[in-house]
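Below are the chains, spelled out letter by letter.
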Amino acid sequence: MVVTGLEERIRLRDSAEFELLNGSMTISAFLHRFSFKLADDGVATAMSRLGTTNGPSELAPTTSELENLATEFGNETSVLGLGKLLGRLTLSGLVGRTISFAGEAQFSIIPDALPAISDSLECTPSTVVSLSRFVFLRVDKTKILLETPRSGWIIEIHDPTLMTVIGQLASPATVKEHLERVVPQEGDNQEIERRLLSALGRAGMLTNHASPTEASEESLDPSLRVWSAHDLLFHQRSRVGRSRQPFGGTYRFVGTEVPPPRYRRPVDDQPKIELPSSTDCGEVAENYFGLLNQRRSQREFDDGRPVSLGDLAELLWRTTRVRDVRETEYGEIVDRPFPSGGAVHELDTYIAVRTVDGLAPGLYRYDPVDHLLVLVHPESREFWTWFHSVPPWPEPSTQPQAVLVIASRFDRVMWKYEGMAYAVMLKNTGVLMQSWSLAVEALGLGGCPLGAGDSEGFARVAGLDPYVESSVAEFAIGRPDNRQPL
Ligand SMILES: Cc1cc2nc3c(=O)[nH]c(=O)nc-3n(C[C@H](O)[C@H](O)[C@H](O)COP(=O)(O)O)c2cc1C
């Protein structure tokens, strides 16, 4: 529907830095750099207009303005080239769209990651929808943002009166009925509200119902039903894959008035008790304490002496095997060399092999019951792309020889625990990492715990539904130089 005064504006995502050089364009957003070849001068002119408006949404160019520039400075295929490029920029999470009415921004839909992973919903007038239980609202500076861990899209509400659309989406109704319940802006013929609903659907923020009296598809989805909203949000925001928000060791307070917090506490005047100094605790204890004392994160490995299948087998058997599985009235509980909350043992180990003596590169899953490896994904381009994204390794030549990936079978822990499920899982992860840290030391290997892997990439390579099972941490291993077992 054409409504006078209603415009779609294209805008670069907020933090993106833009550069046009020699017929190509580079956009940097956080740690990512994207380069695109520009088809011709028309596309280049349109893009330079886009690049100058990293500011208020009202100043962003409209789609037709960009097309006019492409036509004026290019040739007959420029508009087509521009459309293709805008599509790629959207998929790369670099541009969003703002709907404005009578010159005022109403709302924006901004990609935050690869939209391909959003479960978007087409909204026709008869589609029965309600707001997804994973949607949350927050304020960033002066903007109201709607976000969801289920997709890579963010919706910014510029006009607060549109919150009435969101407010009544708690109960399921058809899109037509939802629209009838909101008071339209004067003269817009409910087109803004209709577009907002359609943007919410596209952004994976609405869920479908077979009828207004039936449960939502989302609540019936077997992979999703175990997730509580805060657990999924925490998972998606604390691992790479679903979001391009600032992430990792960014040291965002450097240069601000917030000083680095001191490690050592000031000496105060509370009573103090001197502790006796350490004594000889006997051979077993001393061996163990020796390992603890010697343990260091190892980030340099000697490819001349790769770890062997035997080393891997020893490490996995000693630390990670299953000693017993017992049936209880609440399902199976498991006994392994490392403790796990409630003996649930939701964590599994995958081994990504780069160079291991006796084992071809690729991704394997350790079967801790039968003590064997299952080949999940032989080496491929997709495998290597994900493998190289795992750790921020300084030197390619010193990359880990293998990476132990800790993957969680989420339903096992979430079936039992409520409110604290994700926290329990991360505590279990820490326990396993420490077991490995000591075990690699004992075996004369080297290891380094890693926390910021790409869960989406892992799930893709492993062929897993990322809501059912995905990685929560990694542990790099390899044979270090000059190390002997204790
Ligand atoms: C949960 C966790 C996550 C970690 N993530 C990383 C990482 O992503 N990259 C890295 O180089 N080291 C990582 N490390 C290793 C720490 O940087 C290392 O433990 C720390 O620098 C202290 O060194 P040390 O282990 O030799 O005592 C991680 C350690 C832990 C416990």
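Numbering of residues starts from 1 in every chain and runs along the sequence as written. Residues qualify for local features only when their pLDDT is at least 70, as the model is predicted, and side-chain atom pairs are given and counted only at 80 or more; totals for whole chains, interfaces and linings, by contrast, use all residues.

Trainee: Hey, could you go over the domain arrangement of the protein for me, with residue numbers and the actual values?
Mentor: Residue ranges assigned to the domains are those given by an automatic or database domain assignment. Here the protein is described as being made up of domain 1 (6–220) and domain 2 (283–478). Summarising the inter-unit geometry, the C-alpha centres of domain 1 and domain 2 are found 39 Å apart.

Trainee: Any chance you could break down helix α14 (residues 455–462) for me, citing the residues and the numbers?
Mentor: The exposure label follows from counting other C-beta atoms within 10 Å of a residue's C-beta, where the C-beta atoms are placed from the backbone and the thresholds are 20 or more for buried and 12 or fewer for exposed, leaving partly exposed in between. Only DSSP runs of H or I covering at least 4 residues are called helices, and only runs of E covering at least 2 are called strands; the numbering of each starts at the N terminus. Of all eight residues in α14, seven are buried, a share of seventy percent or more. Those residues of α14 lying buried are S455, E456, G457, F458, A459, V461 and A462. Once C-beta atoms are placed from the backbone, any two residues with those atoms within 7 Å are in contact. Contacts made by the buried residues of α14 are with β15 (347–353), β16 (362–367), β17 (372–378), α11 (381–389), β18 (402–409) and β20 (469–478). G463 sits one or two residues past α14 and shows a positive phi near 70 degrees.

Trainee: Hey, could you go over the sheet that holds strand β6 (residues 104–111) for me, with residue numbers and the actual values?
Mentor: Across the sheet, which stays open at both edges, the six strands sit in the order β1-β5-β6-β10-β9-β8 with antiparallel pairing between neighbours. Two strands lie at the open edges of the sheet, namely β1 (6–12) and β8 (136–140), each paired on one side alone. The average angle at which neighbouring strand axes cross in this sheet is 25 degrees, direction not considered. Strands are treated as partners if at least two bridges between them are detected by DSSP. Angular values range over 0 to 180 degrees, each being the angle between N-to-C directions of two axes fitted as lines to C-alpha atoms, with helices fitted over their stretch in contact.

Trainee: Could you give an account of the site of the ligand, naming the residues involved and the relevant values?
Mentor: Each residue gets a C-beta atom placed from its backbone. Should that atom fall within 6 Å of a molecule or strand, the residue is termed near it. In the region of the ligand, the neighbouring residues are R296, S297, R299, P391, M433, C448, P449, L450, G451 and A452. At three residues, strand β19 (residues 446–450) tops the list of elements feeding residues into the shell around the ligand.

Trainee: Can you break down the nonpolar core residue by residue, with the values?
Mentor: One finds I155, I351, A352, A402 and L404 to be the most contacted residues of the largest nonpolar core, which totals 83 residues. For this core, the element with the highest residue contribution is helix α13 (residues 421–442), accounting for eight residues. Mapped onto the domain boundaries, this core takes at least three residues apiece from domain 1 (6–220) and domain 2 (283–478). Sequence-distant contacts of A352, defined by excluding residues within four places in its chain, comprise L363, F387, A402, V403 and V405. To form a nonpolar core, buried Ala, Val, Leu, Ile, Met, Phe, Trp, Tyr and Cys residues must be joined through C-beta atoms within 7 Å. Among the nonpolar cores identified, the runner-up in size contains 21 residues, and M25, M47, L50 and A60 belong to it.

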